[in-house]
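Commentary on secondary and tertiary structure
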Amino acid sequence: MNQAFSLEVIIIGAGQSGLSVSYLLKKNNIPHVVFERSQIGDAWLRRWDSFTLNSSNAFNLLPGESLDNDHPEHFITGLQFAARLQKYAANN
């Protein structure tokens with residue numbers, strides 16, 4: 001039996017913004033899907049190894065995230081941020 005499935009929102013890109021919107025839609029029970037052409041955090045993974053974000057950890061939190069033991073005044077690398085995005089997507 002075919003059952004109709006309806007999506008209200010399609011999100012293009014599973015970066016920081018796309019994952020944030022997805023989190024909030026899920027929290028509000030709004031059906032949606034996230035499309036990513038590559039792996040989550042891919043743009044950050046393609047940066048040079050020494051690249052760091054130019055805003056501190058305190059300003060790079062996604063909805064529902066906390067710093068826990070991370071230092072809010074520190075600057076993480078692009079590779080660390082990509083790993084954080086991947087972990088966030090897996091847990092949310």
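Scroll up to find the structure this text is about.
This text gives an overview of the structure that appears in the document. Keep in mind it's a predicted model, so treat the numbers as computed, not measured.

Right, let's get into the overall build of the chain. The helix and strand inventory of the chain stands at three helices and two strands. For the chain, the α and β elements follow one another from N to C terminus as β-α-β-α-α. In terms of overall dimensions, the chain has C-alpha extents of about 55 × 25 × 15 Å along its principal axes. Once local pairs closer than 6 in sequence are excluded, the contacts in the chain between residues at least 24 apart make up 48%. Only carbon and sulfur atoms are counted for the fraction: they give 52% of the accessible area of the chain, which is about 6,600 Å². On the chain, the mean spot of the 7 positive side-chain charges and the mean spot of the 8 negative ones are 4 Å from each other.

Okay, helix α1 (residues 16-27) next. Between its first and last C-alpha atoms α1 spans 17 Å; for twelve residues at 1.5 Å apiece the expected length is 16 Å, and the two agree. Looking at the buried residues of α1, the elements they touch are β1 (9-12), β2 (32-35) and α3 (78-91). In the stretch just after α1, Asn29 is the one whose phi turns positive, near 55°.

The residue Asn29 is not glycine, and still its phi comes out positive at about 55°. Along the chain, the position of Asn29 falls in the loop between α1 and β2.

Glancing now at the layout of surface pockets. Its boundaries defined by the atoms lining it, the second largest pocket holds a volume of some 190 Å³. Contributing to the lining of the second largest pocket are 13 residues, with Gly15, Glu36, Asp42, Ala43 and Arg46 lying nearest its centre. For the lining of the second largest pocket, the element with the most residues is helix α2 (residues 42-45), which contributes three residues. When the residues that make up the lining of the second largest pocket are grouped by side-chain class, the tally is four nonpolar, five polar and four charged.

Turning next to the packing of α1 against α3. Where α1 contacts α3, the two axes come as close as 11 Å, and the packing angle between them is 20°. By the angle between their axes, α1 is roughly parallel relative to α3. Considering how the two elements wind past one another, α1 and α3 form a crossing that is left-handed. Counting all contacts with α1, which are made through Gln16, Leu19 and Tyr23, the residues of α3 involved are Phe81, Leu85, Tyr88 and Ala89.

Summed over the entire model, instances satisfying the criterion amount to two salt bridges. Between Asp42 and Arg46 there is a salt bridge; the shortest N-O distance is 2.9 Å. Taking the relative accessible area as the measure of exposure, Asp42 reaches 17% and is therefore buried. In this structure, the salt-bridge partner of Arg84 is Glu65, at a minimum N-O distance of 3.1 Å. Of the two residues, Arg84 is situated in helix α3 and Glu65 in the loop between α2 and α3; the sequence distance between them amounts to 19 residues. Since its relative accessible area comes to 21%, Glu65 is described here as partly exposed.

About the criteria used
- Throughout this document, residue positions are counted from 1 along each chain, in the order its sequence is written.
- Since the coordinates come from a predicted model, pLDDT governs what is reported: local features require at least 70, and pairs of side-chain atoms require 80 or more to be given and counted, while whole-chain, interface and lining totals use all residues.
- Think of the side-chain values as coming from all heavy atoms in the structure, minus any hydrogens and water.
- Numbering goes from the N terminus for both helices and strands, where a helix is a DSSP run of H or I of at least four residues and a strand is a run of E of at least two.
- Residue contacts follow a heavy-atom distance rule, with two residues in contact if any of their heavy atoms lie within 4.5 Å.
- Only the protein chains shown count as cover for residues, and the accessible areas themselves come from Shrake-Rupley with a 1.4 Å probe.
- The charge count includes Lys and Arg as positive and Asp and Glu as negative, but it does not include His or the ends of the chains.
- For the purpose of locating charges, the reference atoms are NZ of Lys, CZ of Arg, CG of Asp and CD of Glu.
- Working rule for helices: expected span equals 1.5 Å times residues minus one.
- Two kinds of site are reported from a 1 Å grid over the protein atoms alone, namely cavities, where a 1.4 Å probe fits but cannot get out, and pockets, open sets with protein on both sides within 12 Å along at least five of seven lines, and residues are called lining when an atom falls within 4 Å of a point.
- Grid points are joined across faces, edges and corners, and a volume is the space filled by probe spheres set on the points.
- When residues are grouped by polarity, Ala, Val, Leu, Ile, Met, Phe, Trp, Tyr, Cys and Pro land in nonpolar, Asp, Glu, Lys and Arg in charged, and all others, Gly among them, in polar.
- Think of each axis as a best-fit line through the C-alpha atoms, taken over the contacting stretch in the case of a helix, with angles from 0 to 180 degrees between the N-to-C directions.
- Small angles under 35 degrees read as roughly parallel and large ones over 145 as roughly antiparallel, with 65 to 115 read as roughly perpendicular and the rest as oblique.
- Should the near helix be turned anticlockwise from the far one by less than a right angle, the crossing is left-handed, and should it be turned clockwise, the crossing is right-handed.
- In what follows, salt bridge is the name for a side-chain nitrogen of Lys or Arg lying within 4 Å of a carboxyl oxygen of Asp or Glu.
- Buried residues are those whose accessible area, probed at 1.4 Å on protein chains only, stays under 20% of the maximum for their type, while exposed residues exceed 50% and partly exposed ones sit between those limits.

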